[in-house]
Amino acid sequence: MPTRGLTHDHVLLGERPWKGKRLLARIPRLIRRDANPEDALSLQAECFLRAEPSRHTPVLYGRLDPGPRLPNGALIVDAVEGRAVDLSKDLRQLAETLASVHRLPTPDEPAPLAWTTCPVHALVTLIEDQADFIPALVQDRQARAILDEERKWARDLAAEHGMAPLPPTLILTDTHPGNYVVRKDGRAIFVDMEKTQYGLPAIDLAHASLYTSATWDPDVSGVPGDEDIVEFYDTYRKAVPPSLARLLEPWFLTFRRLVWLRTTTWGCR
């Protein structure tokens, strides 16, 4: 299939459906330097398996182990058929997809997936690491001043709330709108699973709806307005248990600001 993204190639398997489904080989092009191919493939497989009960992610059917002709192996998953997201009409579907994942029960033992219980501290630490690249990349004084002000706000937030424990749920992490396929039945299927972990759902919501995310993928059309974003969060609140909605609501705007800063400093890096 046409190359999309940085880390995977995708190959459709056969011309005919298998038991009514088209299958896809998801072949890692890059893996983390600190992981071997077998462990990296097993971790990705676990990401698919943990999210599968949501019915809003591809089904995992099997794997091809790493070998001489396929150094990083491959996963065999649904070839999800549909169209790219249109943000003028699909933002509610994205909210329902995220709610379906965040509602899943959290296991007592999250391994091998990552587990973050203090998300403010973790996110601000990542932002500060990435901010090392700002001086060489951002020459405009006004832009530098904005980034300096936002980083100070983030550091102050971390000093006050950084170690506040917030109960994690399964989150997808890389939730920009380009990582969904909208099927004929209207469901938005999230397809880029390898960053799945346990953390704060407000991060997923922000990354799915911020301007810096909405304009990332050229195949995604439309830019959400303020009313669209309010409806997105309202749809999500109604789709998750009331206890989760009450826990997250005070953090919605805070994490929109933090995720914007994460994305912007990532761009500098």
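Please refer to the structure higher up on the page.
Nothing here was measured: the structure is a model prediction, and the numbers come from that model.

Asker: Teacher, can you tell me more about the nonpolar core here?
Answerer: For soluble globular proteins, the rule of thumb is that nonpolar side chains tend to be buried together. Ranked by size, the top nonpolar core spans 63 residues in total, and within it Leu-98, Tyr-180, Phe-232, Tyr-236, Phe-255 and Leu-258 carry the most contacts. Leu-258 has contacts with Leu-123, Val-124, Ile-127, Trp-153, Ala-154 and Leu-157, leaving out every residue within four places of it along the chain. Counting 5 residues, the second-largest nonpolar core is a separate cluster that includes Leu-23, Ala-25, Ile-27 and Ile-76.

Asker: Hey, could you run me through the packing of aromatic side chains in this one?
Answerer: In the structure shown here, the tally under the stated rule is 6 aromatic pairs. Between Trp-216 and Trp-266, the ring centres sit 5.5 Å apart and the planes meet at 70°, which makes this aromatic pair edge-to-face. Linking Trp-216 in the loop between helix 7 (211–214) and helix 8 (226–239) with Trp-266 in helix 10 (residues 252–268), this pair joins segments that are 50 residues apart in sequence. Take Trp-216: its relative accessible area is 49%, and that puts it in the partly exposed class. Arg-257 extends its terminal NZ or CZ atom over the ring of Trp-153, reaching a point 4.1 Å from the ring centre.

Asker: Got a minute to help me understand the pairing of strand 2 (residues 21–28) in this structure?
Answerer: Looking along a regular strand, one sees the side chains alternate between the two faces of the sheet. Across the 8 residues of strand 2, 6 count as buried, placing the element largely inside the fold. With 4 bridges connecting them, strand 2 and strand 4 (residues 74–78) associate as antiparallel partners. By the bridge assignment, Leu-23 is partnered in strand 4 with Asp-78.

Rules and cut-offs
- Residues numbered from 1 in each chain as written.
- Predicted model: local features only at pLDDT ≥ 70, side-chain atom pairs only at ≥ 80, totals over all residues.
- Heavy atoms only, no water.
- Core = buried A, V, L, I, M, F, W, Y, C linked by side-chain atoms within 4.5 Å.
- Buried < 20%, exposed > 50% of the residue type's maximum accessible area, 1.4 Å probe, protein only.
- Contact = heavy atoms within 4.5 Å.
- Phe/Tyr/Trp six-rings, centres within 6.5 Å; stacked < 30°, edge-to-face > 60°.
- Helix = DSSP H or I, 4+ residues; strand = E, 2+ residues; numbered from the N terminus.
- Lys NZ or Arg CZ within 6 Å of the ring centre and 35° of its normal.
- Pairing = 2+ DSSP bridges.

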